[in-house]
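Survey of secondary and tertiary structure
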Amino acid sequence: MQKLLQIAAAMVILATVASAQDAPKIPADQEHAAAALKESPRHGEFVDVKLSGSDVKLKCFVAYPERSDKAPVVLVIHEIFGMTDWVRAVCDQLAADGFIAIAPDMLSGMGKDGGGTEAFESDKVRDAIRGLTPEVIAQRLDAARDYATQLPSASGKTASIGFCWGGSVSFAYAAHQPALSGAVVYYGTAPAASEMEKITCPVAGFYGKDDARVTSTVEATDTSMSKLGKKFESHVYEGAGHGFLRQQQDRNGANLNATRDAWSNTIAFLRKVLG
């Protein structure tokens, strides 16, 4: 009997290990982002992208997948905290999933001595990002997208993904950029109906149920997009809060559960729209 119990216990351990190995990878959370970047086998680098009509260079982080064919591009739009290790770790995970990921520092050239996010004190970063106009945002995203699509290893197809402030921007960018193949929105709000009407690509949204400030708008967004004949899919996660992908250890496991399902659906969506 004891031997049977030992065999059963060993089988449980093996099943657990196999399950962990088969589980889809997710981006590192805020606490482990720097370590994930340091340990990544993939190539990531900062590049300076020219902005039309300006001497300012848009600082972007680019992560490259390891694949033999050309890859689609995912434009990563950071939170209201600006360029962080966590945003770069998201790029690295997207590269692991087979995409070229590019994240522009939207505050490039706006800080002291022409710096970007790193040139602002923490609270000042939010104020500076809130002060960005739609025109400046669109110009910078277009520049990053144009740079990435012209890379020799790029397939030419692009999608956007954004978080919090960047989630709302990703939704708005879908209305601005007709060449976009898809947009992913993490806990961000939709643009006005007049802007939604311009959207030509599918949009996928991911929300925490306990993030009422944002999630309370999802039903109306779904109705508006449907009336306009636009493709919109929403995923709302019970018990999860705002910023769940970055704060995975919060809310008694709800944020981590949301992260696992949301990222799996995100990659499935991106692969579908980008081919």
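Look up a bit, the structure's there.
Attention here is on the structure that accompanies the text. (Residues numbered from 1 in each chain as written. Predicted model: local features only at pLDDT ≥ 70, side-chain atom pairs only at ≥ 80, totals over all residues. Heavy atoms only, no water.)

Things to note about the sheet that holds strand S2 (residues 57–63)
With mixed pairing, the eight strands of this open sheet are ordered in space as S1-S2-S4-S3-S5-S6-S7-S8. Both outer strands of the open sheet, strand S1 (44–50) and strand S8 (232–237), are each paired with one neighbouring strand and no more. Within the sheet, the average angular offset between the axes of one strand and its neighbour, ignoring direction, is 20°. The strands touched by helix H9 (residues 218–227) within the sheet are strand S7 (203–208) and S8, with S8 carrying the most contacts at an inclination of about 165°. (Pairing = 2+ DSSP bridges. Helix = DSSP H or I, 4+ residues; strand = E, 2+ residues; numbered from the N terminus. Axes fitted to C-alpha atoms, helices over the stretch in contact; angles between N-to-C directions. Contact = heavy atoms within 4.5 Å.)

Re the layout of surface pockets
Volume-wise, the second largest pocket comes out at about 300 Å³. Lining the second largest pocket are 16 residues, with Thr133, Pro134, Ile137, Ala138 and Ala172 sitting closest to its centre. Contributions of two or more residues to the lining of the second largest pocket are made by helix H5 (134–149) and helix H6 (165–176). It is H6 that contributes the most residues to the lining of the second largest pocket, seven residues altogether. Looking at side-chain class alone, the lining of the second largest pocket contains ten nonpolar, three polar and three charged residues. (1 Å grid on protein atoms, 1.4 Å probe; cavity = no way out; pocket = protein on both sides within 12 Å on 5 of 7 lines; lining within 4 Å. Points joined across faces, edges and corners; volume = space filled by probe spheres on them. Nonpolar A, V, L, I, M, F, W, Y, C, P; charged D, E, K, R; others polar.)

A few points about helix H3 (residues 85–96)
In a regular helix each residue adds 1.5 Å, so twelve residues correspond to 16 Å; H3 covers 16 Å between its end C-alpha atoms and thus fits that length. Buried residues dominate H3, accounting for ten of its twelve residues. Along H3, the positions that sit buried rather than exposed are Trp86, Val87, Arg88, Ala89, Val90, Cys91, Asp92, Gln93, Leu94 and Ala95. Backbone geometry just after H3 places Gly98 at a positive phi near 105°. (Expected span 1.5 Å × (residues − 1). Buried < 20%, exposed > 50% of the residue type's maximum accessible area, 1.4 Å probe, protein only.)

Topic: the packing of H5 against H6
Packing of H5 against H6 leaves a shortest axis separation of 11 Å and a crossing angle of 80°. Overall, the two elements H5 and H6 adopt an arrangement that is roughly perpendicular. Contacts between H5 and H6 involve Ile137, Ala138, Leu141, Asp142 and Arg145 on the former and, on the latter, Trp165, Val169, Tyr173 and His176. Looking at the contact of H5 with H6, its residues break down into six nonpolar, one polar and two charged. (Parallel < 35°, antiparallel > 145°, perpendicular 65-115°, else oblique.)

Things to note about the nonpolar core
Ile102, Leu141, Trp165, Ile199 and Val203 are the most contacted members of the largest nonpolar core, which has 45 residues in total. With six residues, H6 is the largest single contributor of residues to this core. Sequence-distant contacts of Leu141, defined by excluding residues within four places in its chain, comprise Leu75, Ile77, Pro104, Met106, Val169 and Tyr173. (Core = buried A, V, L, I, M, F, W, Y, C linked by side-chain atoms within 4.5 Å.)

Considering the pairing of S2
For S2, a buried count of five out of seven residues is recorded, marking the element as mostly surrounded by other parts of the structure. By the bridge criterion, seven bridges tie S1 to S2 in an arrangement that is antiparallel. Residue Glu45 lies in a different strand from S2, and its bridge partner there is Val62. Between S1 and the antiparallel strand that follows it, S2, lie six residues; Gly53 among them carries a positive phi value of about 75°. As judged from the four bridges shared by S2 and strand S4 (residues 100–104), these two strands associate in the antiparallel manner. Pairing of Phe61 across the sheet is with Ala103, part of S4.

Points about the pattern of salt bridges
Within this structure, the stated rule accounts for nine salt bridges. Note that Arg42 is salt-bridged to Asp92, the shortest N-O span being 2.9 Å. In this pair, Arg42 sits in the loop between helix H2 (33–39) and S1 while Asp92 sits in helix H3, placing the two residues 50 residues apart along the sequence. Judged by its relative accessible area of 22%, Arg42 falls in the partly exposed class. Between Asp85 and Arg88 there is a salt bridge; the shortest N-O distance is 3.0 Å. Taken together, the residues span about one helical turn, with Asp85 and Arg88 both in helix H3 at a distance of three residues. Asp85 sits in the partly exposed class, given a relative accessible area of 36%. (Salt bridge = Lys/Arg side-chain N within 4 Å of Asp/Glu carboxyl O.)

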